[in-house]
Amino acid sequence: MMNIAVAQSGGPTCAINASLVGVFKEALKESQIDAIFGSVNGIEGIINNHLVDLKTLIRTNDDMELLRQTPSTVLGSCRYKLPEYKEDDTVYKKILKTLEQRQIGAFFYIGGNDSMDTVNKLSEYFRQECVDIKVIGIPKTIDNDLCITDHTPGFGSAAKYVAATMREIVRDSSVYSIPSVTIVEVMGRHAGWLTASSAVLHALGETAPHLIYVPERNFSLDAFLRDVRQEMAKHKAVIVAVSEGIEVPEGVQSGVVDNFGHKYLSGIGKYLEEAVRNEIGCKVRSIELNVMQRCSSHICSKTDIDEAEAIGSAGVSCALNDETGKVMVFRRVNEMPYTVVIETTNAANIANNEKFLPDDFITPSGNNISENALKYFLPLIQGELNIIMEQGLPKHFAIQESVLK
Ligand code: F6P
């Protein structure tokens, strides 16, 4: 018999709790697993011995269904970078102490490329110390920038929100007779996946977004203004999707960085709005989709939520198969009908690496997304959940603040 622990890390998504449910459900089925601990605020909970007993918090099938469709990280999150253990193993000893004290034989870390750095380092440390504790990574990120995997849980729901919102913006912005420009800023850090996914509207007969700017291409303000003018000649209401990660002059963004050295990106939409106002002088608005694109689970993708749960479950089987230092990944085996299988890769292949848009997803002009990309994006946004409501609003699963303190 052994206990297990699971934690969530990095930026929230709509699907990260579904992966937690996947781990939890699978562990309940396994007779060799006893307690299922949740670590509060990612790896910080293990370091500080702050664990909760998930079986006392998630009691029924209804709880699991509600948690599956609740956005964000029910156990809290962190952006904690482990040092190299060869340089400083203090924190590794604390982690080991908690895991041994709680008789934890497997640890599941749900997170993005930074969190897979933790999976990699921790599993290496255990190997070196001959400690038999399995460490398995379950991927997630709205940025979709993890290598090896076809896509990441959380991305499909974010993409569905971005495209649906963009379509609503198209309807709203086209009502007046005067020309206008609407600039929509989309998250995704240095990779343009989420911004590019707004192009699925083209498959639905929309001409918008008329311009799409991703970090994979150089950005020039002059070229942007020229593009906007050209589109204004064709369309009354020009809609632009712009990634938060495109290169902009110093001072547009706050310059603040997290523990992994990533800049907090935001502000490009406002910057471009001012440029259009000053240089073109038409009606212009910028919209920053901000955190809504990663927490709007009322319009999540069922495909995404179901896959997130499945990849969490597969993680448990992987640990019980005696594997460690692995990250679960999707491989797309068929386009039509869309089919994926779940496999594993070494955490080192994913940790701290980024995957960018393929060249053929971007038009030669560098300011839009090609048709080639649509068949990649469309299956990921399919399907709707039966959203559980209370008093006219989506109901959420929450753990009392006092339990998480
Ligand atoms: O990595 C996910 C992400 O949502 C990025 O798209 C965004 O740049 C970043 O997190 C925001 O960081 P934070 O959650 O710390 O505000």
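Segmenting the chain into domains produces domain 1 (2–142 + 149–153 + 298–353 + 382–404) and domain 2 (160–294). Domain 1 and domain 2 are separated by 33 Å when their C-alpha centres are compared. The interface of domain 1 with domain 2 comprises 16 residues on the first partner and 12 residues on the second. Of the roughly 1300 Å² buried at the junction of domain 1 and domain 2 (both faces included), carbon and sulfur atoms supply 61%.

Turning next to the side chain of S9. The topology assignment puts S9 in the loop between β1 (2–8) and α1 (16–29). Engagement of the side chain of S9 in a polar contact is seen with the side chain of S115, the distance being 2.8 Å. Each residue touching S9, except ones within four places of it in the same chain, is listed here: I16, S77, C78, Y109, I110, G111, S115 and K140.

Bringing the nonpolar core into the picture now. If you look at the biggest cluster of nonpolar residues, it comprises 36 residues, and the most contacted ones within it are W193, L194, L357, I369 and F377. Secondary structure elements with two or more residues in this core: α7 (155–173), β6 (180–186), α8 (193–196), α9 (200–203), β8 (237–243) and α14 (374–377). It is α7 that contributes the most residues to this core, nine residues altogether. Not counting chain neighbours up to four residues away, the residues in contact with L357 comprise G192, W193, A196, V214, E216, I362, I369 and F377.

Here we come to the site of the ligand. What surrounds the ligand is the set R79, I142, D143, M187, G188, R189, E244, Y264 and R294. The contact in question runs from an oxygen atom of the ligand to an N or O atom on the backbone of G188, over 3.2 Å. Computed on the free molecule, the ligand has an accessible area of 390 Å², of which 83% lies beneath the protein chains in the complex. Here the residues of the shell around the ligand are counted per class, giving three nonpolar, one polar and five charged.

At a minimum axis distance of 8 Å, the contact between α1 and helix α4 (residues 61–68) shows a crossing angle of 150 degrees. Taken as axis vectors, α1 and α4 run roughly antiparallel relative to one another. Counted together, N17, A18, L20, V21, F24, K25 and L28 of α1 and M64, L67 and R68 of α4 form the full contact between these two elements. Partitioned by chemical class, the residues of the contact of α1 with α4 number seven nonpolar, one polar and two charged.

Its location among the elements puts N321 in the loop between α13 (302–320) and β10 (326–334). Residues N321 and K134, spaced 187 residues apart in sequence, show a C-alpha to C-alpha distance of 9.9 Å.

Note on placement: A314 falls in helix α13. Linking A314 and S19, residues 295 residues apart in sequence, is a C-alpha distance of 9.8 Å. Those residues within four positions of A314 in sequence are excluded, and the remaining contacts are M328 and I342.

For sheets, the rule is that strands pair by backbone hydrogen bonds, running either parallel or antiparallel. Read from one edge of the open sheet, seven strands run β3-β2-β1-β4-β5-β10-β11, paired in mixed fashion. Pairing within the sheet leaves two strands with one partner each, and these edge strands are β3 (51–53) and β11 (339–346). When strand polarity is set aside, the average angle formed by the axes of neighbouring strands in this sheet is 30 degrees. In the sheet, strand β5 (residues 134–139) pairs with β10 via two bridges, with the strands oriented parallel. Of the residues in β10, the one forming a bridge with G137 is V327. Each of β1, β2 (33–39), β4 (104–111) and β5 is contacted by α1, which is oriented at about 175 degrees to β1, the strand it contacts most.

What counts and what doesn't
- In this convention, every chain numbers its residues from 1, walking through the sequence in written order.
- Note on the predicted model: pLDDT of at least 70 is required for a residue's local features to be given, and 80 or more for side-chain atom pairs to be given and counted; whole-chain, interface and lining totals, by contrast, use all residues.
- Calculated side-chain values reflect all of the structure's heavy atoms, with hydrogen atoms and water omitted.
- Where each domain begins and ends follows an automated or database-derived domain assignment.
- The contact criterion used throughout is that any non-hydrogen atoms of two residues lie within 4.5 Å.
- Defined in terms of a 1.4 Å probe, buried area is the accessible area two parts forfeit on being brought together, summed over both.
- In this description a helix means any DSSP run of H or I spanning at least four residues, a strand means any run of E spanning at least two, and both kinds are numbered starting from the N terminus.
- The term polar contact refers here to a pair of N or O atoms within 3.5 Å; inside protein, the definition further demands a hydrogen-donor-capable atom paired with an acceptor-capable atom, and it admits residues adjacent in sequence only when both atoms are side-chain atoms.
- To define a nonpolar core, start from buried Ala, Val, Leu, Ile, Met, Phe, Trp, Tyr and Cys residues and group those joined through side-chain atoms within 4.5 Å.
- Burial classification: accessible surface area is computed with a 1.4 Å probe over protein chains only, and a residue below 20% of its type maximum counts as buried, one above 50% as exposed, and the rest as partly exposed.
- A single heavy atom is enough: if one lies within 4 Å of a molecule or strand, its residue is considered near that molecule or strand.
- Only the protein chains shown count as covering a residue, and every accessible area follows the Shrake-Rupley method with a 1.4 Å probe.
- In this classification, Asp, Glu, Lys and Arg are treated as charged, Ala, Val, Leu, Ile, Met, Phe, Trp, Tyr, Cys and Pro as nonpolar, and every other residue, Gly included, as polar.
- For helices, the axis comes from a line fit to the C-alpha atoms of the stretch in contact; other axes are also lines fit to C-alpha atoms, and the angle between any two N-to-C directions lies between 0 and 180 degrees.
- Throughout this description, any angle smaller than 35 degrees is read as roughly parallel, any larger than 145 degrees as roughly antiparallel, any in the 65 to 115 degree range as roughly perpendicular, and the remainder as oblique.
- At least two bridges found by DSSP between two strands are what make those strands a pair.

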